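This is what each chain is made of:
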Amino acid sequence: MRTGQTISWAQQDGIIELALHREPCNEIGSSTLDELEQFADALGSLEHDSHALIIHSGQKAGFCAGADLRELHQRSQAVEKDAALRGVREFLERIHRVMNRIDASPLTTIAAVHGVVFGGGFELALVCDLMIADKMARFCFPELRLGLVPGFGGIPRLKRDLGNAVVRDLLLTGRSFNAAKAQQVGLVSQVVAEGEALRVARSTAAQLGKFDRDTSAAAKKFVKPIPYEELRHEIDIFCELFSRPAVASGLKKFVESTDAQPYLP
Amino acid sequence: MQPDQTLDEILTLAAAHFKVPREKLSPDDDFFKTLGINSLQALDLLTRLENHFHIELPDYELQGVSDFRTLASRIQARL
């Protein structure tokens, strides 16, 4: 068992559980990224004795609300524009390495999601092989509201899994949709009752343990290619957009909102 | 479903979930204030309403909507 400030992980009976537990809704900033990198480094040895990885959240509000926009705004304001852009690119390259590592794991990976699954949180869930959603889960790519596109690998991975029309709907309207819709379009494999996602993920992971691990890994590699070139391209597009004044004003508006959690458009 | 019934079911669902006496909720109330909820909880309410009425209601349809009556009309338009 390893317990950090923002995430924890444990391994039992061949199942690794990675829990997100940063208030208020697991926003991914530098502290979470540091610990995700530690997890990615540890994954190599954990994989030897495991067949499945479950990623879930201990926060009531949801799985993950995405990037820590307050930290992004503060850091961008503290330095010159070029330095801010370099910082953003470095952050994106680091989070992509983590996401790519989990994506490429020979384990079968399951995201057990509830509540808010937004932006970077949605992108983390998309890294996984299977998504099991509480019926109150809600999915969204709100980045266009800030003048950005998803930057943690969301677009290529969504394109990998879904039809392009659904990708355009999510990306270009910035709207959220619920678990039933997510299952209807093929994003979610199972929709379960409130509070049941982790239990069902554990049950699913236990079932996976009955199969030969190498066969599962070979099947996964065959059906789930990692779109490395598009992932690189996404970082470039994000950085190009980030340098525009509209983004700075969008971030400022978000940070200065009087609502503690300004999730509505 | 008739509009009055839609409105009544919204008020009943909101009262039950946010633990507010049903009789304290009126159609023209600002639900953010009456229920004491923020935008995250409003999204939670939206998901519950979608599940209850078996509809899909994009969140941008709720932009600027804060009273139960207008919310009911948005839902009614999807039934």
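Below or above, wherever it landed, is the structure these notes cover. For clarity, every value in this text was computed on a predicted model and none was experimentally measured. All chains use their own residue numbering, which begins from 1 and follows the written sequence. Both sets of labels track the order of writing: A upward for chains, 1 upward for ligands. Confidence filtering applies because this is a predicted model: local features only for residues at pLDDT of at least 70, side-chain atom pairs given and counted only at 80 or more, and all residues used for totals across whole chains, interfaces and linings.

**Some points on the environment of H233 of chain A**
Residue and element names in this part refer to chain A. Summarising the element assignment, H233 is placed in helix α10 (residues 228–242). In this scheme every C-beta is placed from the backbone, and a residue whose C-beta has 20 or more other C-beta atoms within 10 Å is buried, one with 12 or fewer is exposed, and one in between is partly exposed. By the C-beta count within 10 Å, which is 13 here, H233 ends up partly exposed. Considered as a pair, H233 and G153 are 80 residues apart in the sequence and their alpha carbons are 9.6 Å apart. The way it works is that DSSP assigns letters per residue, a run of H or I at least four long becomes a helix, a run of E at least two long becomes a strand, and they are numbered from the N terminus.

**With respect to the sheet that holds strand β9 (residues 138–140) of chain A**
Paired strands are those between which DSSP finds at least two bridges. Taken in spatial order, the four strands make up an open sheet running β5-β7-β9-β10 (chain A), and their pairing is mixed. Only two strands of the sheet have a single neighbouring strand rather than two, namely β5 (62–64) and β10 (176–178) of chain A. Across the sheet, the mean angle from the axis of one strand to that of its neighbour is 20°, orientation sign disregarded. Sheet topology note: the β5 of chain A/strand β7 (residues 116–118) of chain A ladder contains two bridges and is parallel. Bridge pairing in β7 of chain A places G62 of chain A opposite V116 of chain A. This element, helix α4 (residues 120–127) of chain A, spans β5, β7 and β9 of chain A of the sheet and lies at about 90° to β7 of chain A. Each of β7, β9 and β10 of chain A is contacted by helix α3 (residues 39–53) of chain B, which is oriented at about 45° to β10 of chain A, the strand it contacts most. Axis lines are fitted to C-alpha atoms, over the contacting stretch for helices. Their N-to-C directions set the angle, which ranges from 0 to 180 degrees. Note on contacts: each residue gets a C-beta atom placed from the backbone, and two residues are in contact if those atoms are within 7 Å.

**Side note on helix α8 (residues 197–208) of chain A**
Residue and element names in this part refer to chain A. Expected span of a helix: the number of residues minus one, times 1.5 Å. With 12 residues, α8 extends 16 Å from end C-alpha to end C-alpha; this agrees with the ideal 16 Å at 1.5 Å per step. Regarding α8, the residues found buried are A197, L198, A201, R202 and A205. Viewed end-on, α8 has its buried residues packed into an arc of 135°, placing them on one side of the element. Exposed and facing more than 90 degrees away from the buried side of α8 are S203 and Q207. Residues of α8 that are buried in the fold lie against β3 (15–20), β4 (52–57), β6 (108–113), β8 (130–134) and β11 (190–192). As used here, the arc is the angular range of directions from the helix axis to the C-beta atoms.

**Details of the environment of T34 of chain B**
Residue and element names in this part refer to chain B. Following the sequence through the fold, T34 ends up in helix α2 (residues 31–35). Note on T34: 18 C-beta atoms within 10 Å, which makes it partly exposed. Taking the C-alpha atoms as reference points, T34 and V20, separated by 14 residues in sequence, lie 8.6 Å from one another. Residues contacting T34, with those up to four places away along its chain left out, are L25 and D29.

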